[in-house]
Amino acid sequence: MRRTIWTGSALLAALLGAGSPNAQTAALTSADLEKRFDGAINPAEMGGWMKTMAAEPNHVGSAHNKANAEMTLAQFKSWGWDAHIETFEVLYPTPISESLELVGTPFKATLTEAPIPGDASSARTKDELPAYVAYQGDGDVTAPIVYVNYGMREDYETLERLGVSVRGKIAIARYGAGWRGLKPKLAQEHGAVGCIIYSDPRDDGYSAEDAYPKGPARPANGFQRGSVSDVTLYPGDPLTPGVGATANATRLKIADAPSILKIPVLPISYGDAEHFLAALDGRVVPAAWRGALPITYHVGGGNARVHLAVKSEWGLKTIYNVVATMKGSEFPDQWVMRGNHHDGWVFGAADPLSGHIAMMGEAKAIGALASQGWRPKRTLVYLSWDAEEPMLLGSTEWAETHADELKQKGLVYINSDGNGRGFLNVQGSHSLQHLVNAVAADVTDPETGVPVAARMRARIQVAGTAPGASEDARERGKIALDPARDLPIGALGSGSDYSSFLQHLGLAALNVGYGGEGQVGGVYHSAYDTYEYYSRFGDPGFVYAGALAKTVGRIVLRLADADVPLARYGDFADTVSRYLDEVKKLADTKRDAAEARAKMLASNAYRLADDPTKTGASPAPLKSVPHFNFAPLENAVDRLKKSAKAYDTALAANGAAQPDKIKAELFELTRQTEESLAPEVGLPGRTWYKNLIYAPGRFTGYDPKTLPGVREAVEEERWDDVDRYAAFTASALNAYSDTLDRGVTLMNPPQASAQAN
């Protein structure tokens, strides 16, 4: 290790050349600094870090997980960072016993993953978790089994038309189409006493690719662990919502924690699932429900019965966040934060270590720059999170504990998680969309040798012109055809460590990663997410780990050293305007559908023979949809466009010429703009989520809902909330515009404007 560190520092010293480090770095341009930063990025070294960190199971509470945190701490310190470990005490149930069997037969699910020939890591089963999901409800139940497809809301609507109920039964759902935790949550809400989740080979097994070890797809005995805590209510420790899980924190009783399920749940492989599904009777399922197993898929609910038993140890566990800082030379109280988690469900090579090693590469390269005399103007905070997998525990508890300080000092949080071969994907605050585009234009794709922005633009264009492309894809394709326009970034829902910063505290956030070519979904959260697998299928040569480090490193360096804010607000205004158009169209479509159904029923045009499910019941009328008062929101968006244009124009014309005091105030305003989007009112029924522009959907989980207070009120037919949250969201956007207007006044004082006239 010492030799590796010395070599990196010696290389950078050679690049910098002889002479005074302080004098030379003071004269560096941003391009020079980034070139030298790139020179210190070593993909082979990153691969070595992964091999070490993925050598043993590293879930929460495992010895290797703590060892990885301590290794990361030691590395940060050796690179010149001021680093420490911050611990929290969180509820984390660990499995004691689990059993799943088909009653009346000798078949029992294996609930373990056998080693794969040629993959030495997969044979290291010491400390490996069995089939398991966190925060399910312990139980021992025997009941008939019902196949519920993906277990989403629309699937239960289909079951109702088929005359099939899961009440008092065990639901078996396949992974896909929605977040894992929604499957048992909806099963529980529909009266099921247990839930089984399996991975169908149509989705990520032999129907998609050759199965591992021949190819990257999920092998027959692979299964997906995960958390089923209700992230749509709040992430983090279920017992301490809204406050940090410190040793002395006030905690809920487990029985009173609303994010913990009440029914037992187990994940299984498709090799095991085939036995249960083949035993089902009843009607043959609709065509869209059929997977790729060599059986006829039936709904079940009759003679096939299952015994499901799960028991866990429900104690507090210590988690280990690594916090590394490099104090800013000019603005120490303005923080640029960067994070990636280090815990996995088993070995965690793709998820999360492929992103973590890139973050480590950035930290080492920045430390090498600092060792030669350069210092960031703003404070850098690098964060290696623990306990992300159980439900964003490490980042949430840290953010809740330091909430007041973060609201005063936090400028931006930049996240990564899994990474792989292919295209740059970025989601986040649209005020940073221009910065992302500028960085993407300056990073070279390691496969093609062209800027990663060019690959992004080409991909979006192709997707927008593909047969059957969605309206959104077509619109994005049009944007990509115009080289003068910024490429759109996506919105953020949930599923990784940006959530507390963006959606609870109201800080700007980005989530950055590469992917789309190296297919690693087939081993997601399984014991086959190993160094051997990832280095073969995910990112051979770890060149995209290097690309990620160069991409995020540039974002960090530019934000840290910028003389004027890098946020551009026209992109945000245009994006919010598009979101509003979508919500208005959703309301109109819903109203038209209700009116059409009413006319059809009134005309007696409906006949039983027209209903393919033939339940014998006429379709119910749809709820009448009123006309909503979107005027406050429309006016706020119109104002936002004007304020954003005025600010962006003033910044481009006058920003660089402002005195240092005004520049510092402008940076403070960029923090205030984002915070204004997260007022205390929060979202209905889940006030931990405060951001009124971006949130995870109540019935999508990880996937985002934009303008969520309004959009979900329309979708869920909560008519009073539509107008209420249109007004709340309008108020937040007006506060955002107020802040932009203050920035314009700072850059164009009234007396200057009067003299110009």
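Residues numbered from 1 in each chain as written. Predicted model: local features only at pLDDT ≥ 70, side-chain atom pairs only at ≥ 80, totals over all residues. Heavy atoms only, no water.

Whenever I open this one, the overall build of the protein confuses me. Can you help?
In terms of helices and strands, the protein carries 24 helices and 17 strands. The C-alpha atoms of the protein give a radius of gyration of 27 Å, which matches the 27 Å a tight globule of 757 residues would have. When each of the 757 residues of the protein is scored for burial, the buried share is 57%. A sequence separation of at least 24 residues applies to 79% of the contacts in the protein between residues at least 6 apart. By element, 53% of the accessible surface of the protein is carried by carbon and sulfur atoms, the whole surface being about 28,300 Å². (Helix = DSSP H or I, 4+ residues; strand = E, 2+ residues; numbered from the N terminus. Rg over C-alpha atoms; globule rule 2.2 N^0.38 Å. Buried < 20%, exposed > 50% of the residue type's maximum accessible area, 1.4 Å probe, protein only. Contact = heavy atoms within 4.5 Å. Areas by Shrake-Rupley, 256 points an atom, 1.4 Å probe, with all protein chains shown as cover.)

I'm lost on the packing of helix α19 (residues 569-602) against helix α20 (residues 631-654) in this one. Help?
Helix-helix packing is characterised by the crossing angle of the two axes and by the distance between the axes. α20 packs onto α19 with a crossing angle of 165 degrees between their chain directions and a minimal axis gap of 8 Å. In terms of orientation, α19 lies roughly antiparallel with respect to α20. Where α19 crosses over α20, the two elements pack in a sense that is left-handed. Judged by residue contacts, Tyr 569, Gly 570, Phe 572, Ala 573, Val 576, Ser 577, Leu 580 and Lys 584 of α19 engage Leu 633, Glu 634, Val 637, Leu 640, Lys 641, Ala 644, Tyr 647 and Asp 648 from α20. Here the residues of the contact of α19 with α20 sort into 10 nonpolar, 2 polar and 4 charged. (Axes fitted to C-alpha atoms, helices over the stretch in contact; angles between N-to-C directions. Parallel < 35°, antiparallel > 145°, perpendicular 65-115°, else oblique. Left-handed = near helix turned anticlockwise from the far one by under 90°. Nonpolar A, V, L, I, M, F, W, Y, C, P; charged D, E, K, R; others polar.)

Looking at this model, I keep getting lost on the environment of Ile 268. Mind explaining?
Position of Ile 268 among the secondary structure elements: in strand β8 (residues 265-268). For Ile 268, a relative accessible area of 0% gives the class buried. For the pair Ile 268 and Leu 100, spaced 168 residues apart in sequence, the C-alpha separation works out to 9.2 Å.

It is not clear to me how the pairing of strand β11 (residues 331-341) should be interpreted in this structure. Could you clarify?
On a regular strand, one side chain projects to one face of the sheet and the next to the other, so that they alternate. Within β11, 8 of the 11 residues are buried, which leaves the element mostly enclosed by the surrounding structure. Examined bridge by bridge, β11 and strand β12 (residues 378-385) share 8 bridges and lie parallel to one another. Bridge pairing in β12 places His 341 opposite Trp 385. Tracing the backbone out of β11, into helix α10 (residues 349-371) and back to the parallel element β12 gives a crossover that is right-handed. Sheet topology note: the β11/strand β13 (residues 410-415) ladder contains 5 bridges and is parallel. Bridge assignment links Met 337 to a residue of β13, and that residue is Tyr 413. (Pairing = 2+ DSSP bridges. Right-handed = clockwise from strand over helix to strand, strands pointing away.)

Just to check I follow, could you spell out the pattern of salt bridges for this structure?
Opposite charge on two side chains makes pairing possible when the charged atoms of those side chains draw close. A complete count under the given rule lists 37 salt bridges for this structure. Residues Glu 113 and Arg 225 are paired through a salt bridge, measuring 2.9 Å at the closest nitrogen-oxygen approach. You can see Glu 113 sitting in the loop between β2 (94-102) and β3 (133-134) and its partner Arg 225 sitting in the loop between α8 (201-204) and β7 (226-227), a full 112 residues away along the chain. Classification of Glu 113 as buried rests on a relative accessible area of 3%. By relative accessible area, Arg 225 is classed as buried at 0%. A salt bridge links Asp 445 to Arg 455; the nearest nitrogen and oxygen atoms lie 3.3 Å apart. In this pair, Asp 445 sits in the loop between α13 (433-440) and α14 (452-465) while Arg 455 sits in helix α14, placing the two residues 10 residues apart along the sequence. Accessibility classification places Asp 445 together with Arg 455 in one group, the buried group. Taken together, the shared-partner salt bridges connect Glu 34, Asp 38, Asp 442, Arg 554 and Arg 558 into one network. (Salt bridge = Lys/Arg side-chain N within 4 Å of Asp/Glu carboxyl O.)

Explanation requested: the side chain of Glu 34 in the structure shown.
Structurally, the position occupied by Glu 34 is in helix α3 (residues 30-39). Overall, Glu 34 belongs to the buried group, its relative accessible area being 5%.

Sorry, what's going on with the sheet that holds strand β14 (residues 422-428) here?
Two orientations exist for strands paired in a sheet by backbone hydrogen bonds: parallel and antiparallel. Ordered by their spatial adjacency, 7 strands build an open sheet running β1-β10-β12-β11-β13-β15-β14, and the pairing between neighbours is mixed. If you trace the sheet from one side to the other, it starts and ends with β1 (82-91) and β14, each paired once. The sheet shows a mean angle of 20 degrees between the axes of neighbouring strands, direction not considered. Helix-sheet contacts for helix α11 (residues 393-401) involve β1, β10 (316-326), β11 and β12, and the interaxial angle to β1 is about 105 degrees. Strands β11, β12, β13 and β15 (508-516) of the sheet are contacted by helix α21 (residues 660-675), whose axis makes an angle of about 60 degrees with β13.

Just to check I follow, could you spell out the sheet that holds strand β6 (residues 194-198) for this structure?
Spatially, the 6 strands line up as an open sheet ordered β2-β9-β4-β5-β6-β8, and their pairing is mixed. Every interior strand has two partners, whereas the edge strands, β2 and β8, have only one. This sheet shows a mean twist of 30 degrees between the axes of neighbouring strands, independent of strand direction. In this sheet, strand β9 (residues 300-313) lies alongside β2 in antiparallel orientation, the contact comprising 8 bridges. Residue pairing in the sheet places Ser 97 in a bridge with Lys 311 of β9. Contacts from helix α7 (residues 182-189) reach β5 (170-174), β6 and β8, with the element oriented near 150 degrees to β6.

Teacher, can you tell me more about the packing of α3 against helix α18 (residues 543-561) here?
For the pair α3 and α18, the least separation of the axes is 11 Å and the interaxial angle reads 145 degrees. In the packing of α3 onto α18, the handedness of the crossing is right-handed. Here α3 contributes Leu 33, Glu 34, Phe 37 and Asp 38 to the contact with α18, which in turn contributes Ala 549, Lys 550, Gly 553, Arg 554, Leu 557, Arg 558 and Asp 561. Per-class residue counts for the contact of α3 with α18 are 4 nonpolar, 1 polar and 6 charged.

Would you mind going over unusual backbone geometry with me for this structure?
When glycine is set aside, most residues are seen to have a negative phi, and most peptide bonds are trans. With an omega dihedral of 15 degrees, the bond running from Tyr 212 to Pro 213 counts as a cis peptide bond. By the element assignment, Pro 213 lies in the loop between α8 and β7. With an omega dihedral of 20 degrees, the bond running from Asp 351 to Pro 352 counts as a cis peptide bond. You can see Pro 352 is positioned in helix α10. In this model, Ala 387 sits at a positive phi of 60 degrees, which is unusual for a non-glycine residue. Topologically, Ala 387 is positioned in the loop between β12 and α11. Not every positive phi belongs to a glycine, and Glu 717 is a case in point at roughly 60 degrees. We classify Glu 717 as partly exposed; its relative accessible area is 26%.

Please explain the packing of aromatic side chains as it appears in this structure.
Each aromatic ring pair is summarised here by two numbers: the centre-to-centre distance and the angle between the ring planes. For the structure on display, the rule yields 30 aromatic pairs. Relative to Trp 79, the ring of Trp 49 has its centre 5.5 Å away and its plane inclined at 50 degrees; by these criteria the two rings are tilted. With Trp 49 in helix α4 (residues 43-53) and Trp 79 in the loop between α5 (63-78) and β1, this residue pair connects regions lying 30 residues apart in the sequence. Taking the relative accessible area as the measure of exposure, Trp 49 reaches 5% and is therefore buried. (Phe/Tyr/Trp six-rings, centres within 6.5 Å; stacked < 30°, edge-to-face > 60°.)

Would you mind showing me how to read the nonpolar core here?
In a soluble, globular protein the nonpolar side chains are often hidden away together inside. Among the nonpolar cores identified, the biggest contains 92 residues, and Met 337, Trp 398, Leu 406, Phe 501, Phe 572, Ile 693 and Leu 733 are the most heavily contacted of them. Tallying contributions element by element places helix α23 (residues 719-747) first for this core, with 11 residues. Setting aside residues no more than four positions away along its own chain, Leu 406 makes contact with Trp 335, Met 337, Trp 398, Ala 399, Phe 501, Leu 505 and Leu 507. Listed in part, the 74 residues of the second largest apolar core include Phe 347, Ile 357, Ala 453 and Leu 487. (Core = buried A, V, L, I, M, F, W, Y, C linked by side-chain atoms within 4.5 Å.)

Would you mind showing me how to read the environment of Ala 508 here?
As for its position among the elements, Ala 508 is in strand β15. By relative accessible area, which is 5% here, Ala 508 ends up buried. A sequence separation of 46 residues divides Ala 508 from Arg 554, and the C-alpha atoms of the two residues are 17 Å apart.

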